[in-house]
Amino acid sequence: MKILHKFVVEIEKDVPKTEVKNEGGQEITVKTVVKEKVPYTFVMKKLARQENDDLRLFCGQQMRRATDKGLHTKATLLNKHIDAAGSLMSAETSKLAAKLTKDISELSSQIQAMGVVPENDEAASDKQLELFGKLLDARKQLEIIESSTQTLFQNTAETYIQERANLWLIFNQTYLEVAPNKYESFFKGKNFEEKETFYFDLDDNEDALYVAARNKIVLYWGLYSLNQANTPEDFAKIDERLKADEAEALQEKIDLEKEAADLKAKEVASKETAVAVT
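Predicted, not measured: the structure shown is a model, and the values here were computed from it.

Visitor: If you had to explain the overall build of the chain to someone new, which residues and values would you point to?
Guide: In terms of helices and strands, the chain carries 8 helices and 4 strands. The helix and strand sequence of the chain, counted from the amino end, reads β-β-α-α-α-α-α-β-β-α-α-α. Put simply, of all contacts in the chain between residues at least 6 apart along the chain, 64% involve residues at least 24 apart.

What follows is the structure, encoded as structure tokens:
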């Protein structure tokens, strides 16, 4: 099969170890179990022509399913909610949003003009608190209006199909390398429904291998679906960025731990000095 990308994850497992020791001229076999990080190679399979056809057919089926569920397309929602002026908001809502925007600007200017209020000036302090309250209230009302407009298009037939198409890619094109050049589908099942059930079981049971690979599986296929990564070279660059980010995060953790250790050492030294002086 043609490979789009490979990536490795590690999980900690109990690994049996056999060691032969020589004691008093006799060979003794000692069997133990130790915890080791075991690597697993995941493979993203490139879609063949037939698989592209299968995905298109699946999306068509999901469109019918979406409409059966009562979901509308973006075009239908636009025709339903847009007004004669081409706005998604009603005339009243548009006026309210404009007023709130103006109020936020004026209140912010008033608060800025007051500057730092002296602690002993109770009147000015109360006035500033009142302005802050009005500002927060106006911002909250405006956020509600903007959010209602944005969420209108978050639950559309297209969004539903995109999510299902991403799952189709994940379920059908994600493989595990079980031996050199030998691959098995990671998500077991004969069809989408069976693979989805297997996926739910992995998630509910917090399967260690699935949990270790989950973020990368979702990220990589999501980028592929959005046409932001389509070649092995694209994914190699993404891997490099992820490794750089991980290295930076690790260094920050090391620096924070060192700072904490230095601070602890200074506290101990300070207490010892205090005791010695006493």
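Visitor: Would you mind going over the pattern of salt bridges in detail, with residue names and values included?
Guide: Scanning the model with the defined rule gives 10 salt bridges in all. When the shortest N-O distance is used, the salt bridge between K35 and D14 registers 3.0 Å. Linking K35 in strand β2 (residues 26-45) with D14 in strand β1 (residues 3-23), this pair joins segments that are 21 residues apart in sequence. K188 is the salt-bridge partner of E184, the closest N and O atoms lying 3.7 Å from each other. Exposure remark for K188: the relative accessible area of 38% places this residue in the partly exposed category.

Visitor: Residue-level account of the packing of helix α5 (residues 157-173) against helix α7 (residues 208-225), with values.
Guide: Axis separation between α5 and α7 bottoms out at 10 Å; the angle between their running directions is 120°. In terms of orientation, α5 lies oblique with respect to α7. By crossing handedness, the relation of α5 to α7 is classed as right-handed. On the side of α5, the interface is formed by Q162, N166, L169, I170 and Q173, while α7 contributes I217, V218, W221, Y224 and S225.

Visitor: Let's hear about helix α6 (residues 192-204): which residues, and what values?
Guide: One turn of an α-helix holds 3.6 residues; hence residues three or four places apart share an orientation. In this model, α6 (13 residues) spans 18 Å end to end at C-alpha, consistent with the 18 Å of a helix rising 1.5 Å per residue. Taken together, the buried positions of α6 are F192, K195, E196 and L202. Projection of α6 onto a plane perpendicular to its axis shows the buried side chains occupying an angular sector of 120°, all on one side. At its buried positions, α6 is contacted by α1 (49-68), α5, β4 (182-185) and α7. Where α6 starts, the residue carrying a side-chain oxygen 3.2 Å from the main-chain nitrogen of E193 turns out to be N191.

Visitor: Tell me about unusual backbone geometry, and please be specific about residues and values.
Guide: Even without a glycine there, the phi angle at E206 is positive, about 50°. Relative to the helices and strands, E206 is located in the loop between α6 and α7.

Visitor: Describe the sheet that holds strand β3 (residues 174-179), listing the residues and the values that go with them.
Guide: What the 4 strands build is an open sheet, ordered β1-β2-β3-β4; its pairing is antiparallel. Both edges of this open sheet fall to β1 and β4, since each of them pairs with a single strand only. For this sheet, the mean angle separating the axes of adjacent strands, direction not counted, is 25°.

Visitor: With reference to specific residues and values, describe α7.
Guide: For α7, with 18 residues, the first-to-last C-alpha span of 26 Å sits near the 26 Å given by 1.5 Å per residue. The largest bend in α7 comes to about 45°, at R214. In the stretch just after α7, N227 is the one whose phi turns positive, near 65°.

Visitor: Could you give an account of the nonpolar core, naming the residues involved and the relevant values?
Guide: Formed by 32 residues in total, the largest nonpolar core has its most connected members in F42, F186, L209, W221 and F235. Elements represented by at least two residues in this core include exactly β1, β2, α1, α5, α6, α7 and α8 (232-277). Element by element, the count of residues in this core is highest for α7, at 8 residues. By size, the runner-up hydrophobic cluster in this structure holds 10 residues, among which are A97, I111, A138 and L142.

Visitor: A description of the packing of aromatic side chains should follow, citing residues and the corresponding values.
Guide: On inspection of all chains with the given rule, the structure shows 13 aromatic pairs. Judged by centre distance (5.0 Å) and plane angle (70°), the ring pair of F42 and F186 falls under edge-to-face. Of this pair, F42 sits in strand β2 while F186 sits in the loop between β4 and α6; the two residues are 144 residues apart in sequence, bridging distant segments of the chain. Assigned by exposure class, F42 and F186 land together as buried. Considering the side-chain rings of F171 and F187, the 5.4 Å spacing of their centres and the 55° angle between planes classify their relative orientation as tilted. Pair noted here: F171 is in helix α5 and F187 is in the loop between β4 and α6, with a separation of 16 residues, a long-range link. Taken together through their ring pairs, the aromatic side chains of F7, F42, F58, F171, F186, F187, F192, Y199, F200, Y210, Y220 and F235 make up a single cluster.

Visitor: So what about the pairing of β1? Which residues, and what values?
Guide: One ladder, built from 20 bridges, connects β1 with β2; its direction is antiparallel. Opposite K17, over in β2, you have T32 as the bridge partner. Hairpin remark: β1 followed by β2, antiparallel, with 2 residues in the connecting loop; positive phi at G24, about 60°.

The rules we used
- Throughout, residues of each chain are indexed from 1 in the direction in which the sequence is written.
- Since the coordinates come from a predicted model, pLDDT governs what is reported: local features require at least 70, and pairs of side-chain atoms require 80 or more to be given and counted, while whole-chain, interface and lining totals use all residues.
- The basis for every side-chain value is the complete set of heavy atoms in the structure, and neither hydrogens nor water enter the calculation.
- The helix and strand labels rest on DSSP assignments: H or I over at least four residues marks a helix, E over at least two residues marks a strand, and numbering proceeds from the N terminus.
- Any pair of residues with heavy atoms lying within 4.5 Å of one another is described as a contacting pair.
- A side-chain nitrogen of Lys or Arg and a carboxyl oxygen of Asp or Glu constitute a salt bridge if their distance falls within 4 Å.
- Three exposure classes are used, based on accessible area relative to the maximum for each residue type with a 1.4 Å probe and protein chains only: buried under 20%, partly exposed in between, and exposed over 50%.
- To obtain each axis, a line is fitted to C-alpha atoms, and for helices this fit is confined to the stretch in contact; angles are then taken between N-to-C directions over 0 to 180 degrees.
- Relative orientations are named as follows: roughly parallel for angles under 35 degrees, roughly antiparallel for angles over 145 degrees, roughly perpendicular for angles from 65 to 115 degrees, and oblique for any other angle.
- Left-handed describes a crossing whose near helix is turned anticlockwise from the far helix through less than a right angle; right-handed describes the clockwise counterpart.
- Working rule for helices: expected span equals 1.5 Å times residues minus one.
- In this context, the arc is that of the directions from the helix axis out to the C-beta atoms.
- In protein, a polar contact means a hydrogen-donor-capable atom and an acceptor-capable atom, both N or O and within 3.5 Å, with residues adjacent in sequence counting only if both atoms are side-chain atoms; elsewhere, any N or O pair within 3.5 Å suffices.
- For two strands to be treated as a pair, DSSP must find no fewer than two bridges joining them.
- Values of bend correspond, residue by residue, to the angle between axes fitted over the seven residues ending at that residue and the seven starting there.
- Only buried residues count toward a nonpolar core. Its members are Ala, Val, Leu, Ile, Met, Phe, Trp, Tyr and Cys residues joined through side-chain atoms within 4.5 Å.
- The rule is short: rings of Phe, Tyr and Trp, with Trp giving its six-membered ring, pair when the centres are within 6.5 Å, and they are stacked under 30 degrees, edge-to-face over 60, tilted in between.

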